Protein chains: 2
Amino acid sequence: MLTQTRPDPSPSAHDRVYRMLRTRIMHGDMAPGQALTLRGIGREFDVSMTPARESLRRLVAEGALTMSASGRVSTPELSNERIEELAALRALIEVELASRALPRAHMALIERLQTINTGLADAIARQDPVGYIRTNLEFHRTLYLRAQAPAMLAMAETVWLQLGPTMRMLYGRLRHKEVPQYHRLIISALKAGDEPGLRLAVRSDVTQGLKMLQT
Amino acid sequence: MLTQTRPDPSPSAHDRVYRMLRTRIMHGDMAPGQALTLRGIGREFDVSMTPARESLRRLVAEGALTMSASGRVSTPELSNERIEELAALRALIEVELASRALPRAHMALIERLQTINTGLADAIARQDPVGYIRTNLEFHRTLYLRAQAPAMLAMAETVWLQLGPTMRMLYGRLRHKEVPQYHRLIISALKAGDEPGLRLAVRSDVTQGLKMLQT
DNA sequence: CGCGTGAAATTGTGATCACAAGAAGATCAT
DNA sequence: ATGATCTTCTTGTGATCACAATTTCACGCG
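What this report covers is the structure whose coordinates are included nearby.

Calculation notes
- Residues numbered from 1 in each chain as written.
- Chains lettered and ligands numbered in written order.
- Predicted model: local features only at pLDDT ≥ 70, side-chain atom pairs only at ≥ 80, totals over all residues.
- Heavy atoms only, no water.
- Salt bridge = Lys/Arg side-chain N within 4 Å of Asp/Glu carboxyl O.
- Helix = DSSP H or I, 4+ residues; strand = E, 2+ residues; numbered from the N terminus.
- Buried < 20%, exposed > 50% of the residue type's maximum accessible area, 1.4 Å probe, protein only.
- Near = heavy atom within 4 Å.
- Polar contact = N/O pair within 3.5 Å; in protein donor to acceptor, adjacent residues only side chain to side chain.
- Nonpolar A, V, L, I, M, F, W, Y, C, P; charged D, E, K, R; others polar.
- Expected span 1.5 Å × (residues − 1).
- Contact = heavy atoms within 4.5 Å.
- Buried area = accessible area lost by both parts, 1.4 Å probe.

**Focus on the pattern of salt bridges**
In total, this model carries 24 salt bridges over all chains according to the counting rule given. Here Arg 90 of chain A and Glu 94 of chain A are joined by a salt bridge, their closest N and O atoms 2.5 Å apart. Placement of both Arg 90 of chain A and Glu 94 of chain A in helix H4 (residues 80-101) is noted, with a separation of four residues, approximately one turn of the helix. Taking the relative accessible area as the measure of exposure, Glu 94 of chain A reaches 0% and is therefore buried. Measuring nitrogen to oxygen at the nearest pair gives 3.0 Å for the salt bridge that ties Arg 58 of chain B to Asp 15 of chain B. With Arg 58 of chain B in helix H3 (residues 49-61) and Asp 15 of chain B in helix H1 (residues 13-26), this pair connects stretches of sequence that are 43 residues apart. Like Arg 58 of chain B, the residue Asp 15 of chain B is buried in the burial classification.

**What to know about the protein's contact with DNA strand C**
Every one of the 20 residues lining DNA strand C counts as a neighbour, but Arg 53 and Arg 57 of chain A together with Ala 13, Ser 48 and Thr 50 of chain B are closest to it. Taking all atoms of DNA strand C within 4 Å of the protein, the share assigned to sugar and phosphate is 61%. Here Leu 38 of chain A contributes a backbone N or O atom positioned 2.9 Å from a phosphate oxygen of DNA strand C. Counting residues per element, the ones that place at least two in the surface near DNA strand C are helix H2 (38-45) and helix H3 (49-61) of chain A together with H1 and H3 of chain B. When the residues that make up the surface near DNA strand C are grouped by side-chain class, the tally is seven nonpolar, seven polar and six charged.

**Quick notes on helix H9 (residues 195-211) of chain B**
Spanning 17 residues, H9 of chain B covers 24 Å between terminal C-alpha atoms, matching the ideal 24 Å at 1.5 Å per step. Of the positions making up H9 of chain B, those classed as buried are Leu 198, Ala 201, Val 202, Ser 204, Asp 205, Val 206, Thr 207, Gly 209 and Leu 210 of chain B.

**Some words on the interface of chain B and chain A**
Contact residues are listed per partner, giving 38 residues for chain B and 38 residues for chain A. Across the chain B to chain A interface the summed buried area is about 3,300 Å²; carbon plus sulfur atoms make up 57%. Linking chain B with chain A are six salt bridges. Arg 100 of chain A serves as the salt-bridge partner of Glu 84 of chain B, at 2.9 Å between the closest nitrogen and oxygen. At the junction of chain B with chain A, the criterion picks out ten residue pairs in polar contact (both at pLDDT 80 or more). Looking at the side of chain B that touches chain A, the elements with two or more residues in it are H3, helix H4 (80-101) and helix H7 (150-174) of chain B. At ten residues, H4 of chain B tops the list of elements feeding residues into the side of chain B that touches chain A. The residue inventory of the side of chain B that touches chain A, partitioned by class, reads 17 nonpolar, ten polar and eleven charged.

**Here's the deal with H1 of chain B**
Taking 1.5 Å of rise per residue, the 14 residues of H1 of chain B would be expected to cover 20 Å, and the 20 Å separating its terminal C-alpha atoms lies within 8% of that figure. Looking one or two residues beyond H1 of chain B, the residue adopting positive phi is Gly 28 of chain B, at roughly 75 degrees.

Below you can see the structure in the form of structure tokens.
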């Protein structure tokens, strides 16, 4: 998870590669089961094997990538059981994060969330799955940052990371036509300071879609 | 987290080092703020810098170790806020794990848990903090394995890992005289098939002690 | 056409080295 | 005695290479 502090403008090569791969995986820009190699990553990002290996190993440690018995690395193909577990984890962690964010959810934040929802509508209009996933996660992250609970947010992001490649399939199945209604309910509950309503809306939002992935 | 499958009897050097360090950290065998270096790890485990670096980087990715802006690695020194967050995460995840374990908690498991509690009493009698922490976590892990939710168990273990160095301090403050009463309550609730009682006992067990760490 | 075998290519792991950066220690000046 | 500066030592990062293991491909046979 992103715990280390390294605010310098020129981070290490491995850090750079790690962040780019992480973003790509989290936003569903990679399909489940896709293989990655050290030499392939080295070529793509113009680095040697050492930072490539560090990056891949780090993502494996976070569950974003899986490693076979022979050390080969690929994006995970999640079983139904795994998807259900990760959905349950999202429900547990994100509902708590939303509750903790509520006391600091003022109008500026609510307006920011509404703006992000507009971006979701744009991604839907463009039929852009990666853009949709990215903007959806931005919506949640923006809210949860107000919880001021970095350990929990890190855990939530770890779950998003593991779900990333699978989320792409979800988008295809939902064939989104409009912004998820639960986002509107989340925003309403924030405006009203309605904690039970907020918890219910977040739980519904994070679990409803994932149910459709289980075949 | 321990997600990759590598059942071969001779794992990689980096995997070996990683597991040993991970166990040491999780069981409170290292104090908060303790520094580790690549060359130091290399000497101690008789490996070169490459597996040493891989192991440390992996533990950093899991939050077990922290990395400074200059790349130096050490065990984390947790703030009160961080401790509260991790306790809350334990409560969220472990309560859910216990619930999911209940349907498969038969007499053999219950007897196993009682045996482990006897080991806890031994560790207390020996005034052995590391043994105490290890046996306590064994108690929880043994129960949660029955939940058959590896993603959740991995998350729980990640939290234990982050708390490891701090747990050592907790042991000092509690000055344990007897096996935690909540373990007895957990066992009773399992025998009775009492889910609400089990949830309450687990929540109390995982949060009560950690409250004493917050000064 | 499919399967098996062998060879070649590709892969991951670990060691080593060079280099840059940071930390620690020593010395000098106020 | 304390602070600043300089030097030395230690550290982390990345590149490269060797080697073992795995995978892929090609060819031959049934």
